[in-house]
Amino acid sequence: MNSEKITKGVLLVASFLILIITCGMILSLVSGSIPVFNEFGFKFIISTAWNPTEDKENYGALPFIAGTVITSLLALIICLPMAFSTSLFIGEYFRGKWYSKALGTMVDLLAGIPSIVYGLWGFYVLRPFIVDLGLSSQGYGIFTSGLILAIMIIPYATSISTEIITMVPNDLKEAAYSLGATRFEVIKSVVVPSARSGIFASYILAFGRALGETMAVTMLIGNTNIIPTGLFDTGNTMASVIANQFGEAEGLKLSALIAIGLLLFLITGLINAIGKFIIKKFA
Amino acid sequence: MILNNLEVENPVLSIKDLSVAYDKNAKNAVNAVSAEVKRNAITAIMGPSGCGKSTLLRAINRMHDLYPAIVTEGNIFLNGENINKISTIELRRKIGMVFQRPNPFPTMSIYDNVIAGYKLNGIRLKKEKRDHIVEESLKDVVLWDEVKDSLYKKGTFLSGGQQQRLCIARALAFQPDVILLDEPTSALDPVATSKVEDLLVKLKKKYSIVLVTHNMTQAARISDNSMFMYLGDLVEYGKTKSMFTTPQDQRTEEYLTGKFG
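Residues numbered from 1 in each chain as written. Chains lettered and ligands numbered in written order. Predicted model: local features only at pLDDT ≥ 70, side-chain atom pairs only at ≥ 80, totals over all residues.

## Notes on the sheet that holds strand 3 (residues 28-37) of chain B
Residue and element names in this part refer to chain B.
- Spatially, four strands are ordered 3-2-5-6 in an open sheet, and the strand pairing comes out antiparallel. The sheet terminates laterally at strand 3 and strand 6 (81-82), the two strands that pair on one side only.
- One ladder, built from two bridges, connects strand 5 (residues 71-78) with strand 6; its direction is antiparallel. Looking at the pairing, Leu78 lines up with Glu81 of strand 6.
- Here helix 1 (residues 53-60) sits on the sheet and contacts strand 2 (13-21), strand 3 and strand 5; the angle it forms with strand 3, its principal contact strand, is near 60°. (Pairing = 2+ DSSP bridges. Helix = DSSP H or I, 4+ residues; strand = E, 2+ residues; numbered from the N terminus. Contact = placed C-beta atoms within 7 Å. Axes fitted to C-alpha atoms, helices over the stretch in contact; angles between N-to-C directions.)

Set out below in structure tokens:
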């Protein structure tokens, strides 16, 4: 036997396995959600009902879709100025300096902390702090979850933006300097405009991560099945309702949770595809 | 020893004992160079790769200030004024620069590229004045007829040669005293190269030009005076014609006859 054929065979089997696993997952998500769509049709997506009482069972995903989008958008808004400033600090202003490298390592470290640890910190430190500030009686809710999500996605947005910013060609910057531009003007008129689409894509990818984050949010959002109307209201996200209820779910309720999972998968998949498409176009 | 056969009256630039090192422990990339640059003429700086010609050029508009590790000693005078006494912002408006690879700003239109210097410096001009500067600068580089109908398109859609002429126009927009060009044709094809060369000859009526090139035939074709640098030293400086016919230094002769470089 020649090693060429063996290598080819191993690679083929491994790649094919990945393909089968992915297809299998999508297939089981789709087949699992069929009962709930049969029962409620597409009204499931826009309904706010969540009633697991036998014979009166009625499910809708809207509160969770709303909770997911609201917490993730809030996280994005908080993350934006932080990630933007940090990426300019590391990628342009103090590029190559030891403290920039140290900061870059810290940011990467932040990305490596498990979700449950963020949740624990949020539960025992952030939540009481919110209570002390008098913002909310128990500290659970949209704001607390959004804040913890923001901290969790800052490293993603920062590290991609930094990479894009360092990719801006040096001769463009030198061209601007040679015209008498100051550092600030070079950043404002050359670096940021050139890196614009890549920076934008980094926020989309960070947003995609926020949508799917589960553990920390589940611990902090308050787990109520209603559409939140204020920043300090409690709620549930698509991920948190699944994490909270899958253990005791069966029948139609289980199907509803699987359908929510499918929707979450589609939304994050779409967001990630958009982000990657923009980055690819930029590079 | 430097063979400096050139006497320049009322020089636009005087370089006095200029040394540049890329950090304080490194060998000098430019080593105690002194030379005077003639007004309204093309002065070529030639020499093999790594001889310090670009480093010397970039000292003239203090580009080295961007990199704190670089150590510059000695002085350069622009019209008799020490360039270290002028702010880099003002200095770089008086000394324009064109780079090796055409580098128009990809996010700006052709029009905005030409007046980029004003925009970057936050100088607001009336539209008529802006239009005038853009038209004059593009006419100066013989690009006006080619782009006058597409002024608001991105500069990156132009051909390489057109882009480089656009970059020259961008450097001319401030009406500088001196234009520094760092191997401006090395990324261009022969036709585009000869267009740029013709242009430089035309431009010397209004501007003083310093041209770094490793193409000695280019230096021979268009320059009035030539410097030959080797390993950081200014080996020989003289009228281009006499240097190419009767080089004084053996190294210059060997370089010009293609024995190295």
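## Remarks on the pairing of strand 10 (residues 225-230) of chain B
Residue and element names in this part refer to chain B.
- Where burial is concerned, most of strand 10 is hidden: six out of the six residues are buried.
- Side-chain alternation along strand 10 places Asn225, Met227 and Met229 on one buried face and Ser226, Phe228 and Tyr230 on a second face that is also buried.
- As paired elements, strand 4 (residues 42-46) and strand 10 share four bridges and run parallel to each other. Within strand 10, the residue paired with Ala44 across the bridge is Ser226.
- Where strand 10 lies against strand 11 (residues 233-239), six bridges are found, and the strand directions are antiparallel. Its bridge partner lying in strand 11, Phe228 is registered against Glu236.
- Hairpin connection between strand 10 and strand 11: a loop of two residues separates the two successive antiparallel strands, and Leu231 in this loop has a positive phi of roughly 50°. (Buried ≥ 20, exposed ≤ 12 C-beta atoms within 10 Å, placed from the backbone.)

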